[in-house]
Amino acid sequence: MNFLLIIGGLILLILGGNWLLKSAVALSLKLDVPKIVIGMTVVSFATSAPELIVSINAALSGSSDLALGNVIGSNIANLGLVLGITLLLGTMHVQKSFYKTDWPVMMIASILLYFFLSGDNVITRNEGIILFSFLIIFLIYLLRYQKTAVLDELPEDDEPLPLYKIVLFLVIGGLGLWGGSELLIKGATSMALEYGVSERVIGVTVVSIGTSVPELAASIIAVLKKEKAISLGNLIGSNVFNILAVLGITSIITPVAVKDIGILDNDIYWMLGISFVVLPLVFVPKGYRLNWKDGIVLLAAYIAFIYFTV
C-alpha cells in the first residue's frame, strides 16, 4: 500500500510539474515576456516545483530529514544517475559557462549548505534568506552576462495557448503537485516505519530518484530523438535551484533541522564529492566533452552511494 502511495504521488508530481511548466511558459509568451527571462525564472522554478512542494510539505509535517534527504539525494541523482545514463547514450559537449559560472556557483551553494548544517544541525530562517538571496544575485548575473547559456533552459516545444487552457493547466498542475506531495510523504514516512529505515534513507533514495525522473525522462527522450540533449548546465542549474530555492524557501517558511546524523556523516559528503568530480571529468582526457566512460564513472559512484547508504 505504501509503495502504491509513493508511485501514485510520483506520477502526480511529474504530471503536475509538466502541466505547471506548460501553463507558465504559455502565460509568459502571452504576456510577451522575453524568452531569456522565461528560461531562468519560470522554467527553472517550474521544473524544481516537485522538490519544492515535497520539501515544504515534509518540513511542515515535522519530517525535515525527508526534506533534506530529498534535496541532497536529488543533487546526487542528477549528476550520478541522470547524467551518467545520458552519457551512456551519447557524447555531451560542454559550454565554457560550465567552469566560469555554473560549476563554481553549484560548489559555493553546496559548501554553504554544508557549513549551515554542520554548525548547529539546522538551516535557520536567516540562513534560508542568505541562500535565496544568493539565488537572486546569480539569476541577475545570468540574465545580464550569460544570455546564451540561459536560452538552453527553454523547452523545445513551447507553444502559445488560449487563456482558458493556461488557467486550466495552472490549476490542475498546482493540485497535482499538492496531491502528489501528500501521497508521496505519507507513503514514504509509513514505509520508513514499516521497514525500520530512517526517513533520511527513504528521502535520499526513493523520493530523490522520483523527483529526478523528469530530468531523466527529458535526457533520454532528447538523446533518442537526436535533438539537443539536456545540457550539463541544465542539470547543474537544477542542483543550484534545489539548494538555493528549495531549501532556501523551505527554511524561510520553517527552519529545517537534521534529525538523522547520517545526513551530515554520509550524504552531504557524497553530494560534495560527486559535484566536485564532474570538473576533472570534463577536462580529462579531452577538454570540454563528456563521454560513455565518464558516464560509467558517475553511475558507479551513484551505485556506491546507494550501497553504502542503504
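Now for a look at the structure at hand. Quick caveat: nothing in here was measured; it's all calculated off a predicted structure.

Analysis parameters
- Residues numbered from 1 in each chain as written.
- Predicted model: local features only at pLDDT ≥ 70, side-chain atom pairs only at ≥ 80, totals over all residues.
- Heavy atoms only, no water.
- Buried < 20%, exposed > 50% of the residue type's maximum accessible area, 1.4 Å probe, protein only.
- Helix = DSSP H or I, 4+ residues; strand = E, 2+ residues; numbered from the N terminus.
- Contact = heavy atoms within 4.5 Å.
- Core = buried A, V, L, I, M, F, W, Y, C linked by side-chain atoms within 4.5 Å.
- Axes fitted to C-alpha atoms, helices over the stretch in contact; angles between N-to-C directions.
- Parallel < 35°, antiparallel > 145°, perpendicular 65-115°, else oblique.
- Left-handed = near helix turned anticlockwise from the far one by under 90°.
- Expected span 1.5 Å × (residues − 1).
- Nonpolar A, V, L, I, M, F, W, Y, C, P; charged D, E, K, R; others polar.
- Salt bridge = Lys/Arg side-chain N within 4 Å of Asp/Glu carboxyl O.

Re unusual backbone geometry
Move 1: Its identity is not glycine, yet Asn121 carries a phi of approximately 60°, on the positive side.
Move 2: Of the residues examined, Asn121 reaches a relative accessible area of 27% and is grouped as partly exposed.

As for the environment of Pro50
Move 1: Within the fold, Pro50 resides in helix 3 (residues 49-60).
Move 2: Distance in space between the C-alpha atoms of Pro50 and Leu13 is 5.7 Å, their sequence separation being 37 residues.
Move 3: Beyond its immediate stretch of four places on either side in the chain, Pro50 contacts Leu13, Leu177 and Thr211.

Thoughts on the nonpolar core
Move 1: Ranked by internal contacts, the top residues of the largest apolar core, which has 58 residues, are Leu83, Phe98, Leu113 and Leu232.
Move 2: When residues of this core are traced back to their parent elements, those giving at least two are helix 3, helix 4 (64-89), helix 5 (97-120), helix 6 (125-145), helix 11 (232-253), helix 12 (262-283) and helix 13 (292-309).
Move 3: Sequence-distant contacts of Leu232, defined by excluding residues within four places in its chain, comprise Leu83, Met92, Val94, Phe98, Val278, Val282 and Leu290.

Looking at the packing of helix 4 against helix 9 (residues 199-211)
Move 1: Contact pair helix 4 / helix 9: the axes reach a minimum separation of 7 Å and the direction vectors enclose 50°. If you check the angle between helix 4 and helix 9, you find them oblique. Classified by chirality, the crossing of helix 9 by helix 4 is right-handed. Only Glu199, Arg200, Ile202, Gly203, Val204, Val207, Ser208, Ile209 and Thr211 of helix 9 make contact with helix 4, whose side of the interface consists of Asp65, Leu66, Gly69, Asn70, Gly73, Ser74 and Leu81.

A look at helix 3
Move 1: Taking 1.5 Å as the rise per residue, helix 3 with 12 residues should run 16 Å; its terminal C-alpha atoms sit 16 Å apart, in good agreement.
Move 2: Within helix 3, 10 of the 12 residues are buried, leaving the element largely enclosed by the surrounding structure.
Move 3: Those residues of helix 3 that sit buried are Ala49, Pro50, Glu51, Leu52, Val54, Ser55, Ile56, Asn57, Ala58 and Ala59.
Move 4: In the stretch just after helix 3, Gly62 is the one whose phi turns positive, near 85°.

Some details on the packing of helix 12 against helix 13
Move 1: One can describe the packing of helix 12 onto helix 13 by two numbers: an axis separation of 11 Å at closest approach and a directional angle of 175°. On the basis of their axis angle, the class for helix 12 and helix 13 is roughly antiparallel. Contacts from Asn266, Asp267, Trp270, Ile274, Val277, Val278 and Leu281 in helix 12 reach Asp294, Val297, Leu298, Ala301, Tyr302, Ala304, Phe305, Phe308 and Thr309 in helix 13.
Move 2: By residue class, the composition of the contact of helix 12 with helix 13 is 12 nonpolar, 2 polar and 2 charged.

What to know about the pattern of salt bridges
Move 1: Under the criterion given, the structure shown has 2 salt bridges.
Move 2: Here Arg200 and Asp260 are joined by a salt bridge, their closest N and O atoms 3.6 Å apart. Of this pair, Arg200 sits in helix 9 while Asp260 sits in the loop between strand 3 (256-257) and helix 12, and the two are 60 residues apart along the sequence. Comparing Arg200 with Asp260 shows no difference in burial state: the two are buried.
Move 3: For Asp267, the salt bridge is made with Arg200, and the minimal N-O distance between the two is 2.6 Å. Separated by 67 residues along the polypeptide, Asp267 in helix 12 and Arg200 in helix 9 bring together distant segments of the chain.
Move 4: On the basis of relative accessible area, Arg200 is assigned to the buried category, the value being 8%.
Move 5: Look at the salt bridges and you will find they share partners, linking Arg200, Asp260 and Asp267 into a network.

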